[in-house]
Amino acid sequence: MILQSFLFPDEVCGESQLYYRVRGTYREEDLACKGKNRVRIVLAPGSVFSSDTYMNLMDADSWRKYTKVEQAYLCVTVAGSGKLILMEMGEEGEEDRKRKEWYFSGKEIKAYSWGILEKDFRGMLYFRVEAETEVVFYEAFYFSEDRVERDIKISLVICTYKREEQLAKNLERLGESDFFREDFWQNKKLCIRVVDNSSELKIKEEWKRENWYFYSNRNTGGAGGFTRGILESQRDRDRFLSTHILLMDDDIEFQTEALYRLYALLSFVREEYLGEVIAGRMFCLDQRTVQYTASDIWNGGMIQHVGACQDMGKREFLYRMNQERGEYSGWWFACFPMEYTVENLPMPFFLHCDDVEYGLRHGGRPIVLNGIQVWHETYYYRQSAVIHYYDVRNTAFTNAKIHYPRLKIHLIKCWFLGLLSNIKHRRWKQEYMKLLAIKDYWKGEEWLYRIDPEENHWRICREAKREISFFRILLEEAGVWIRVLCKKM
């Protein structure tokens, strides 16, 4: 099975420094074909091409830790003459180490395969191509001949709300993947379930295919939409026996290689990691080489992003990129074992913190692997008075659900600091929405399950549009703080 293919940049992915490095003269040539590789790289004599990049480093240590893969093979397709060198990246301050080297020659296009035995399949591996004549590099991949441990089937759930253009692009990319090609071994290993919270999505003719399902749903927010997808996956297990559920936003950009690497990782995973979540990193849409987060640490609501704002085009961030693990994965790309979803459904938060609470309730440490990631709009572009309400309310419910230490003191501290900040910056509307959130939180978890989430959302939207006087806010503030200080948890 292929563990990891060499990734080229395309119209989605962005800058080449995430994919390869070249010392010397080279050019890219468009192959003008659909599929995984859309360019080839032509190296002038004396040029050196290397794969020591975020997308194309082979983290042998992670594969050995999380899976039963003990050794691998490297296959490279080239034309021309030169040398191929297997390298291991050194830690900070150390030089890279040469593991193996092989020679290739000939003007014809040829695929060469070399074994990486157990003693060399360690560390962060990459390869270099040193061109003696003009060399054309077409593709490369790492594969394993080890016995596949599990028959993996993934139910991919996408929750959408009035984003048909973005959704259509993602479905087109999925439709072109190997998961839906009759002559590929991954065929029928992926089932796509789109939950339309607007109930307005027009199903295109090309979407009517095997293992593609579309569900009209009331606007129950992201939590409600993903819950519907999870329940539909459970109901369909007699026909499509899902082993995992992948939750993915409708407005992301991605490469299908992320799904191939996810599938290979799950196929070989060790028993002790069977129950873990696989987290997809988030990269910034407006700065495509910058990692927004690998996974997250909750810290009572003061979220810490693992690997926050690192430019992954720079080599200095790569050696340890898969070693630090957070506490939960965002739903832009989060893969859960089916067994966990059978016993656990998301809380009906509508917006924000739904992925936090669900991941924290799981209690594991998400696995991260380079190349499994998406590009997504960051949180900074999504702030509003309505969002602030959900942030405050759902953060409190999340902390209560996970029994956060000294919860009441923590909440009072956070709310009071928010008050001081809003006074300083004269954000009266934001303070008013925070007060609404606090009052709703004190109604309890039973209230959250009892209300109609769509009707409550429209209530919050109406409140956000109201003109509220400063004196009205002071009165609300006094009433809320009397309740907060007097009420027992």
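Our structure's up above, just so we're on the same page.
In this text the structure is predicted, and so the values were computed from the model without any measurement.

Calculation criteria
- Residues numbered from 1 in each chain as written.
- Predicted model: local features only at pLDDT ≥ 70, side-chain atom pairs only at ≥ 80, totals over all residues.
- Heavy atoms only, no water.
- Helix = DSSP H or I, 4+ residues; strand = E, 2+ residues; numbered from the N terminus.
- Buried < 20%, exposed > 50% of the residue type's maximum accessible area, 1.4 Å probe, protein only.
- Contact = heavy atoms within 4.5 Å.
- Pairing = 2+ DSSP bridges.
- Axes fitted to C-alpha atoms, helices over the stretch in contact; angles between N-to-C directions.
- Expected span 1.5 Å × (residues − 1).
- Core = buried A, V, L, I, M, F, W, Y, C linked by side-chain atoms within 4.5 Å.
- Parallel < 35°, antiparallel > 145°, perpendicular 65-115°, else oblique.
- Left-handed = near helix turned anticlockwise from the far one by under 90°.

Draft legend 1. Spotlight on the environment of Gly364. Mapped onto the secondary structure, Gly364 falls in the loop between α6 (354-362) and β24 (373-376). By relative accessible area, Gly364 is classed as buried at 15%. For Gly364 and Ala294, which are 70 residues apart along the polypeptide, the C-alpha to C-alpha distance reads 15 Å. Other than its neighbours up to four places away in sequence, Gly364 contacts Glu276 and Glu327.

Draft legend 2. Highlighting the sheet that holds strand β13 (residues 154-160). Pairing within the open sheet is mixed, and its six strands lie in the order β15-β14-β13-β16-β23-β17. Each edge of the sheet is formed by a strand with only one pairing partner; in this case those strands are β15 (212-216) and β17 (278-279). Here five bridges tie strand β16 (residues 244-249) to strand β23 (residues 333-337), and the two strands are oriented antiparallel to one another. Each residue of the ladder has a partner; that of Leu247, found in β23, is Ala334. Docked against the sheet, helix α3 (residues 221-235) engages β13, β14 (190-196), β15 and β16, running at close to 150 degrees with respect to β13.

Draft legend 3. Spatial organisation of helix α7 (residues 385-401). Compared with an ideal rise of 1.5 Å per residue, which puts 17 residues at 24 Å, α7 spans 24 Å between its outermost C-alpha atoms and is within 8% of the ideal. The buried fraction of α7 amounts to 14 of the 17 residues, a majority that puts the element mostly inside the structure.

Draft legend 4. Spatial organisation of the environment of Lys465. Mapped onto the elements, Lys465 comes out in helix α11 (residues 453-465). In this structure the C-alpha to C-alpha distance between Lys465 and Phe179, which are 286 residues apart in sequence, comes to 46 Å.

Draft legend 5. Representation of the nonpolar core in the model. If you look at the biggest cluster of nonpolar residues, it comprises 92 residues, and the most contacted ones within it are Phe127 and Phe137. Ranked by residue count, the leading element in this core is helix α4 (residues 257-268), at eight residues. Excluding residues that lie within four positions of it along the chain, Phe127 makes contacts with Phe6, Phe49, Ser50, Ser51, Leu74, Leu84, Ile85, Phe137, Ala140 and Tyr142. Among the nonpolar cores identified, the runner-up in size contains 36 residues, and Met347, Phe350, Cys353 and Ala396 belong to it.

Draft legend 6. Inspection of the packing of α7 against α11 at higher detail. Between α7 and α11, the least distance of the axes is 9 Å, while the angle of their chain directions is 125 degrees. Regarding the angle of α7 to α11, the classification is oblique. α11 is crossed by α7, and the crossing has right-handed handedness. Side by side, α7 and α11 meet where Ala385, Val386, Tyr389, Tyr390 and Arg393 of the first sit next to Asn456, His457, Arg459, Ile460, Cys461 and Ala464 of the second.

Draft legend 7. Focus on the pairing of strand β11 (residues 124-131). The buried fraction of β11 amounts to six of the eight residues, a majority that puts the element mostly inside the structure. In terms of strand pairing, strand β6 (residues 58-59) meets β11 through two bridges, oriented antiparallel. Looking at the pairing, Asp59 lines up with Met124 of β11. Bridging between strand β8 (residues 82-88) and β11 involves seven bridges; their strand directions are antiparallel. Residue pairing across strands places Met87 opposite Tyr126, the latter belonging to β11.

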